[in-house]
Amino acid sequence: MVTAPAVPEIFEEELHSAIEARSETLNTLRELGPPDLVHLIKQPIRDVKKQVGVYHHVTGIDASSSASLAAYINTLTFSPHDKQHKVVSGLYCCYNAFSRLDMRVQVYIPGTVESYCIDERGDKRVATDELWLETYLCSVLRAYSYADDGSGDTIKKIVGVRRFNPITSTESEHKFLDAAERLFFNGWQLGSDPEIQVPNLVSNHLTTGLLNYIHTTGRYTSGINLFEKLRTKDPEISSLLARVYIEADEEVKAVQLLHEAIQELPMDYSLLDCQADFCNKKGRGDLALEIAKRSVVSAPSEFGTWARLAEIYVSLEQWDLALLTLNSCPMFTYQDKDAPRMPEPQRVFLPIMPEAICDEIIDNSGDDMELVHPTLRKLHAAGFKGTFLKAYMLLTEITKKIGWDQLLRIRSQVFVMEEEYRNEKQTAPHPTSRNPSVTALRSPSPTPKTNGESTSDSLHGDVEEIPLGDDAQPSTTESSSSAAAAAVEDSLSKPSHTVASEVVKAGSDDPSTTNPNHQNYTHFHNKRLCERWLDNLFMVLYEDLRVYTIWRTEMAQYRSQQLLYKKSAEEWEILGELAERLHHEEEAVDAYENCLQMKFSPKAMRGVLKLEDAVGGNVRDVCGALIRLVTWQYRWYSEFSPNLLYTIRKLIEEEGAVKIRSIIQGTSLPQHVLDLTHQYAALCAAFRSSGSDG
C-alpha cells in the first residue's frame, strides 16, 4: 500500500473565491493548464449554518471519469487534523487542454455526484466520453510535466500541491498509451516546450510526455510498439521511434530506421536532427556536420536545429563557426507553465504526515537571502531558461575547453567590435553601393521580436554596476579580498561590446551611415554583427567567471594560511550552482556539501546526487541522497518525482534490487523514512525493470 502524502489546506477569505478565480483565468491558459483544483466546503459539527471553504491543488489523479474524481474527494472526508468540522461538499476541477474546457465534478456528502464542464466564457457544457478521454491524457501529461526534479524548485512555485504518480502498474500504462494512440494526431494542439517555436506532429507536449515516461520507467518495448503502430499512419513518427531505439540500446535498428526514413523524407528536420545527434555522440562530428546543416536548411526558424549545429562545431573544435552559428540561433521569449492565480488566502495549513518526519531533514524552505552577498544575488545566469539557458550552456562549454582569453580573441575575429566600427565610420573612403549591415549578416538572423530583448536589455545595466574589488565576498579579510579581486582583474579582461545589428540599422548623425549608398567597411567586410542577446551572454559569462575565480583564489589563500573559509549555507548553494554552470563538477560538489553541512537543502542534495551520478559516485552516497530527497518531497506532498524514480531504476539496473534494498535498509534513518524510498523501488519491480528480479 503506497503512503499518501498529507493534505494541505488553503482557507478562503470568501466562499467559492478560488473557483471564481479559476474560471476567470481559463481564457488565459496557453499550455497544459494549471494543476487540478480541489475545493471543499466544511461546516462545524455543532453549527450547521456556518461554512468554510478550503482548497488544495493536485496532479496525477485518474481523471478518466467523474467516478474516479468523486472517489478522490471521498478520500478527503476524514481529516486527522480537524475533528471539529465535517466536509459537506467537494468540487474537483481538471483542465482539458485539447478542447480548452475545465471538467468539473461536484460531490455532495452524502448524496449526489454531478459532472459538467465550463468553457472559456464560463458557460456550462455536457461532459462526454470523448472529453473525459482528453482530460485523462492531459492529467497524466501534467503529472509528468509539473513534477519536481528533486531540487524543490517546482514545489516552491505553488503552495500546497499534492503530486501523485499517474501510472503505477502495467494496466494503467496500457490505459495511458491507448489514450495517447487515439489522440496522438491532435497532440500539436497542446503546445510545446519553450525551445520549439511551432508545435508539430513530433514536437509537442504529448510527444515530450511520452518520451519522458519511457525514459523514466525504462518501458522501451511499450514505447516501440506504440510508435511502430503510429508510424504506419505517418512516416514522420520514425524520429520518435528511432530515439526510443537508441535509448533502449537497439542502435543498429535505429540506424537502419533512420536510413530508410530519411530516404523517404529527405528534408524532415526531426529525423535529420536525431541522426546528427547520434553521429555526434559517437564521436563522428564529421559525419554529423552535413546532416545538421541540412536540418538547419529544413527548419531555419527553429532554435534546436541551429543549437545542434553549434554543438557539432564545438565537438569539431571549430570555435569561430560555433560562435557564428550560435549568433544565428532564433531566440524565443520563455513561456512558463500555466500556474493557478488565486486570491490572497485567509490562512494556509501545511501539515506534515508522521511518515515524513525526520530530524535530519528539517524544513528550511524559507531561504534567508539576507545572508547572501549582493554580488552572488545578482548572477543573472541563474535565472536563464529556455533558449537562453541552452545558448549559455553552449557558451560555457566552449569557455571550459578553450579558456576566456581565447574565447575573446575568436569573438573579436568573427564579430564587428564597437571600437572598430567607430574608427571605420570616421575614416571610411567615398561611399560605395555596399551595405555593411547586409555584408555582416550573410547568415540567417532572427528578427528583433524573437530575440527576447526585454530579457537581455535588463542584463546589460546590472552587469555594468557590479563592482570589481574587495566587496565581492563578504566574509573574507580586506587584504585577501583585494588581492583576489586584483588577481581576477589581471587574469580576466572584461569583454568590450560588439556591434549589434540593430545599432547599425538605427543609423546615426553621420550622413554616410544614413545614406542608402553605405560605405565599404574594408577591415571587417567578412565579419558579422553580433546579436544583442549574445553580446549580453558574454557580459553575464564574464561576471560568472569573475565571481568563480575570486571564490577559488580566496579559498586557496585561506587554505595556505590554514584559515577557515566561511560562507552562509545559501551562499554555498549559489556557488555550487555557479560551478555547475561553468562545468566544474568537483568544485560544485564541494560547495553543495559545504551547504549541506550547515543545513538540509534539496537543491544542494539534488546537485550532489546529479554530479555524483555523472562521475560514477559511491552507491551508498547516492542512495543516502535519494532517501533524503524522497522524504523531503513527501513532506511537501509529492509522492512522485520522475527524476528520482529514474535514478533508483538506473541504480537497480546496475547494482541489482537486492543490493539497493539492503543499502537503503542499512541506513541509520527511521524505518518509516526508508519505507518511502522502498515504495519507489517497488515501482521498478511492478514495471519489471532490468535488475528488479534480484
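Thresholds, definitions, all that
Residues numbered from 1 in each chain as written. Predicted model: local features only at pLDDT ≥ 70, side-chain atom pairs only at ≥ 80, totals over all residues. Heavy atoms only, no water. Helix = DSSP H or I, 4+ residues; strand = E, 2+ residues; numbered from the N terminus. Contact = heavy atoms within 4.5 Å. Areas by Shrake-Rupley, 256 points an atom, 1.4 Å probe, with all protein chains shown as cover. Expected span 1.5 Å × (residues − 1). Buried < 20%, exposed > 50% of the residue type's maximum accessible area, 1.4 Å probe, protein only. Core = buried A, V, L, I, M, F, W, Y, C linked by side-chain atoms within 4.5 Å. Axes fitted to C-alpha atoms, helices over the stretch in contact; angles between N-to-C directions. Parallel < 35°, antiparallel > 145°, perpendicular 65-115°, else oblique. Left-handed = near helix turned anticlockwise from the far one by under 90°. Lys, Arg positive; Asp, Glu negative; His and termini not counted. Salt bridge = Lys/Arg side-chain N within 4 Å of Asp/Glu carboxyl O. Phe/Tyr/Trp six-rings, centres within 6.5 Å; stacked < 30°, edge-to-face > 60°. Nonpolar A, V, L, I, M, F, W, Y, C, P; charged D, E, K, R; others polar. Pairing = 2+ DSSP bridges.

Looking up the protein chain in an unreviewed UniProt entry gives the name Chaps-domain-containing protein, with the organism given as Pseudopithomyces chartarum.

J.: Looking at this structure, how should I read the overall build of the protein chain?
T.: Helix and strand content of the protein chain: 30 helices and nine strands. Counted over contacts in the protein chain with a minimum sequence separation of 6, partners at least 24 positions apart contribute 74%. Accessible surface for the protein chain amounts to roughly 30200 Å². Of this, 50% is attributable to carbon and sulfur atoms.

J.: Help me understand helix H12 (residues 303–315) in this model?
T.: Every α-helical turn comprises 3.6 residues, leaving residues that sit three or four positions apart pointing alike. If you check H12, its first and last C-alpha atoms are 19 Å apart, about what 13 residues at 1.5 Å a residue would give, namely 18 Å. Counted residue by residue, H12 has 10 buried out of 13 residues, so it is predominantly covered. Of all the residues in H12, the buried ones are Phe 303, Thr 305, Trp 306, Ala 307, Arg 308, Leu 309, Ala 310, Ile 312, Tyr 313 and Val 314. Each element contacted by the buried residues of H12 is listed here: helix H10 (269–281), helix H11 (285–298), helix H13 (319–327) and helix H15 (386–402).

J.: Looking at this structure, I do not really get the nonpolar core. What am I missing?
T.: In summary, soluble globular proteins display a tendency toward joint burial of nonpolar side chains. Membership of the largest hydrophobic core comes to 168 residues, with the highest contact counts inside it found for Phe 176 and Phe 227. In terms of residue count, helix H23 (residues 532–560) provides more of this core than any other element does, 13 residues in total. With near-sequence residues (within four places) excluded, Phe 227 lies in contact with Phe 184, Leu 210, Leu 211, Ile 214, Ile 237, Leu 240, Leu 241 and Val 244. If you look at the next biggest cluster of nonpolar residues, it comprises 25 residues, including Tyr 72, Tyr 92, Met 103 and Val 107.

J.: What is the right way to look at the packing of helix H29 (residues 657–665) against helix H30 (residues 671–686) in this model?
T.: What describes two packed helices is the angle between their axes and the distance between those same axes. Packing of H29 against H30 brings their axes to within 10 Å, and their N-to-C directions diverge by 155 degrees. As summarised for this structure, H29 and H30 are arranged roughly antiparallel, according to the angle between their axes. Handedness of the H29/H30 crossing: right-handed. Residues Arg 661, Ile 664 and Gln 665 of H29 form the contact with H30, whose participating residues are Gln 671, Leu 674, Thr 677 and His 678.

J.: Sorry, what's going on with the side chain of Glu 195 here?
T.: By the secondary structure assignment, Glu 195 is in the loop between helix H5 (170–183) and helix H6 (205–217). Comment: no salt bridge for buried Glu 195; closest opposite-charge side chain is Lys 390, at 4.1 Å. If near-sequence neighbours (up to four positions away) are discounted, Glu 195 is found in contact with Glu 302, Phe 303, Phe 332, Gly 386, Thr 387 and Lys 390.

J.: Whenever I open this one, the pattern of salt bridges confuses me. Can you help?
T.: Any two side chains of opposite charge can pair, on the condition that their charged atoms come close. Enumeration according to the criterion identifies 34 salt bridges in this entry. Residue Arg 22 is joined to Asp 102 by a salt bridge in which the shortest nitrogen-to-oxygen separation is 2.8 Å. Linking Arg 22 in helix H1 (residues 17–25) with Asp 102 in strand S5 (residues 101–108), this pair joins segments that are 80 residues apart in sequence. According to the relative accessible area criterion, Asp 102 is buried, its value standing at 0%. Ionic pairing is found between Arg 104 and Asp 102, a salt bridge with its closest N-O pair at 3.0 Å. The buried category is assigned to Arg 104, whose relative accessible area is 3%. Shared partners join several salt bridges into a network, and the residues in it are Arg 243, Asp 273, Asp 277, Lys 281, Arg 308 and Glu 311.

J.: What am I meant to see in the packing of aromatic side chains here?
T.: For any two aromatic rings, the description comes down to two numbers: the centre-to-centre distance and the angle of the planes. The tally for this structure, following the rule as stated, stands at 17 aromatic pairs. Both rings, one in Tyr 144 and one in Tyr 213, keep their centres 6.0 Å apart while their planes meet at 80 degrees; by these two values the pair is edge-to-face. Here Tyr 144 is found in helix H3 (residues 129–145), whereas its partner Tyr 213 is found in helix H6, with 69 residues between them in sequence. An identical accessibility class is assigned to Tyr 144 and Tyr 213; each is buried. Relative to Tyr 392, the ring of Phe 384 has its centre 5.4 Å away and its plane inclined at 65 degrees; by these criteria the two rings are edge-to-face. No difference in accessibility class separates Phe 384 from Tyr 392, as the two residues are buried.

J.: Explain unusual backbone geometry to me, please; I cannot follow it from the model alone.
T.: Working note: non-glycine residues mostly have negative phi, and peptide bonds are mostly trans. For the bond running from Ile 109 to Pro 110, omega is -15 degrees, close enough to zero to count as cis. Take Pro 110: it is sitting in the loop between S5 and strand S6 (113–118). The phi angle at His 583 is positive, at roughly 65 degrees, despite the residue not being glycine.

J.: Could you clarify how one ought to interpret helix H8 (residues 238–247) in this entry?
T.: Counted residue by residue, H8 has seven buried out of 10 residues, so it is predominantly covered. If you check which residues of H8 are buried, you get Ser 238, Ser 239, Leu 240, Leu 241, Ala 242, Val 244 and Tyr 245. Summarising the contacts, the buried residues of H8 are in contact with H6, helix H7 (220–231), helix H9 (251–264) and H10. Phi for Asp 249, located one or two positions after H8, is positive at around 65 degrees.

J.: What is the right way to read the environment of Gln 84 from this model?
T.: Structurally, Gln 84 is set in the loop between helix H2 (66–74) and strand S4 (85–96). Distance from Gln 84 to Ile 45, taken between C-alpha atoms, is 6.0 Å for residues 39 residues apart in sequence. Not counting the four nearest positions on each side in its chain, Gln 84 is found in contact with Gln 43, Pro 44 and Ile 45.

J.: Any chance you could explain the side chain of Ser 568 here in plain terms?
T.: Structurally, Ser 568 is set in the loop between H23 and helix H24 (569–581). For Ser 568, the contacting residues outside a window of four places in its chain are Leu 371 and Met 598.

J.: When you look at the packing of H11 against H12 in this model, what are you seeing that I'm missing?
T.: H12 packs onto H11 with a crossing angle of 160 degrees between their chain directions and a minimal axis gap of 9 Å. Taken together, the axes of H11 and H12 are roughly antiparallel relative to one another. Between H11 and H12 lies a crossing whose hand is left-handed. Contacts between H11 and H12 pair Gly 285, Ala 288, Leu 289, Ala 292, Lys 293, Ser 295 and Val 296 from the former with Thr 305, Trp 306, Leu 309, Ile 312, Tyr 313 and Ser 315 from the latter. Partitioned by chemical class, the residues of the contact of H11 with H12 number eight nonpolar, four polar and one charged.

J.: How should I be thinking about the pairing of S4 in this particular structure?
T.: The two faces of a sheet get side chains in turn, since along a regular strand they alternate between them. Counting buried positions along S4 yields 10 of 12 residues, so the element is predominantly enclosed. The pairing of strand S2 (residues 36–44) with S4 spans eight bridges and is antiparallel. Bridge pairing in S4 places Gln 43 opposite Lys 86. Here S4 folds back onto S5, and the loop between the two strands holds four residues, one of which, Arg 100, carries a positive phi near 55 degrees.

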